[in-house]
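A structural walkthrough
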Amino acid sequence: MQNAKFVTVDGSKTRYFEGGNGETLVLISGGSFGSYYSADHWSLNFDELSKRFRVCAFDKLGMGYTDNPKSDADYTMSAVIDHAYGFLRAIGINKATLVGHSRGALPAARIAVDHPEMVKALIILPSSTIAAEEPSVPADFYKKIDDAVPPVPDRRYVRWEPEANSYSKDHITDDFVEAMLKIALLPKTMEAKKKMTHLSGAVFLPDARKKKYETLDLIKAGHLKAPTLMVWGLNDPSAPVKLGMDLLRLIGSVVDRTRFHVINHAGHYVFREHPREFHRLIMDFVKDVEG
């Protein structure tokens, strides 16, 4: 990945990476305030995709090296969506393919719904945040990890979530762990994690649920115009493949150019566990959209 850049988005200093030429591809990572997700999660994908696209990957509001929200009231999915849209505008993106993973899939889908003129195609990776709720999904998957956070995060702890969420652990490289650890030790990350102990249930999750169902209703009403590709891991423990199938039925009923790919021996980190297959799927899909 190229050296990091920074841009101010609605008063928030925002880290991002940019590389390559051609059609613009924007990568939106998962995670929420206080977690260790960031643009670094695309480290196995960024350079290869940059050979075909102009690739932009950024740290969402309150994540990675991007500023935390300015008030407790902004620890919401609504603020994350607004920041993501603001980022696109801040760096001059007028048209792009959006790729959203996990809690990054809802911002990608909502921008596609609200600003169809900006989105050439939508790519959704495993996510329980955009898919309708399903009783079989373990509600306490992340709670167990959050409850076990040590006073000072260490390498063993930052590995826990990707290890628990993956079929293969080979993608959890030393540089990936080091990048997560540096973020975990940032005072701003510790502040956000502390705030989320009471803001998650009271503020963030209710707003995220509201935005999810607003967005699904808008999709049902025909507001999603972009050709859509979904790529899921068959062995995803936190966003089971049934969520993807349910989402496929919904989107496929209103968007003719909808595709769904399931990769065996892959979990929540399907894009890191099977990068070559993931890159091929993206390139073939965007080429087909262009054709």
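Below: a short report on this structure. (Residues numbered from 1 in each chain as written. Predicted model: local features only at pLDDT ≥ 70, side-chain atom pairs only at ≥ 80, totals over all residues. Heavy atoms only, no water.)

**Some details on the pattern of salt bridges**
Definition in use: Criterion for a salt bridge: a side-chain nitrogen of Lys or Arg within 4 Å of a carboxyl oxygen of Asp or Glu. The numbering of helices and of strands both runs from the N terminus, where a helix is a DSSP run of H or I of at least 4 residues and a strand a run of E of at least 2. Working definition: with a 1.4 Å probe on protein chains only, accessible area under 20% of the residue-type maximum means buried, over 50% means exposed, and in between means partly exposed.
Using the criterion set out here, one finds 21 salt bridges in the structure. A salt bridge links D246 to R249, with the shortest nitrogen-to-oxygen separation between them at 3.0 Å. Of this pair, D246 and R249 both sit in helix α8 (residues 241-252), three residues apart, which is roughly one turn of the helix. Relative accessible area serves as the criterion here: at 55%, R249 is assigned to the exposed category. Residues joined by salt bridges that share partners form a network here, namely E23, R52, K120 and E290.

**Topic: the nonpolar core**
Burial of nonpolar side chains together is a common tendency in soluble globular proteins. Condition: Definition used in this section: a nonpolar core is a set of buried Ala, Val, Leu, Ile, Met, Phe, Trp, Tyr and Cys residues joined via side-chain atoms within 4.5 Å. Here, two residues are considered to be in contact whenever any of their heavy atoms come within 4.5 Å of each other.
Core analysis: the biggest nonpolar cluster contains 53 residues, and V26, L98, L122, I124, L224 and I251 have the highest contact counts within it. When sequence neighbours within four positions are dropped, the list of residues in contact with V26 reads C56, F58, L88, I93, A96, T97, L98 and V99. Core analysis: the second largest hydrophobic core is formed by 40 residues, A57, L181, A266 and V289 among them.

**Focus: the environment of H223**
Mapped onto the elements of the fold, H223 is located in the loop between α7 (187-220) and β7 (228-233). Separated by 53 residues in sequence, H223 and D170 have C-alpha atoms that sit 39 Å apart. Other than its neighbours up to four places away in sequence, H223 contacts A112, V113 and L218.

**Describing the sheet that holds strand β3 (residues 24-28)**
Stated precisely, the cut-off is as follows: Each pair of strands is called paired provided DSSP finds at least two bridges between the two strands. Fitted lines through C-alpha atoms give the axes, limited to the stretch in contact for helices. The angle between two N-to-C directions lies from 0 to 180 degrees.
On the basis of which strands lie adjacent, the open sheet formed by eight strands has the order β1-β2-β4-β3-β5-β6-β7-β8 and mixed pairing. A single partner strand is all that each edge strand has here, and the edge strands are β1 (5-9) and β8 (258-263). Geometrically, the sheet is characterised by an average inter-axis angle of 25 degrees between neighbouring strands, direction not taken into account. As paired elements, β7 and β8 share six bridges and run parallel to each other. The partner of V231 across the bridge, within β8, is H261. Across the sheet, helix α3 (residues 105-114) touches β3, β5 (96-100) and β6 (119-124), and the angle it forms with β6 is around 155 degrees. On top of the sheet, α8 reaches β6, β7 and β8; it is set at about 170 degrees to β7, its chief contact.

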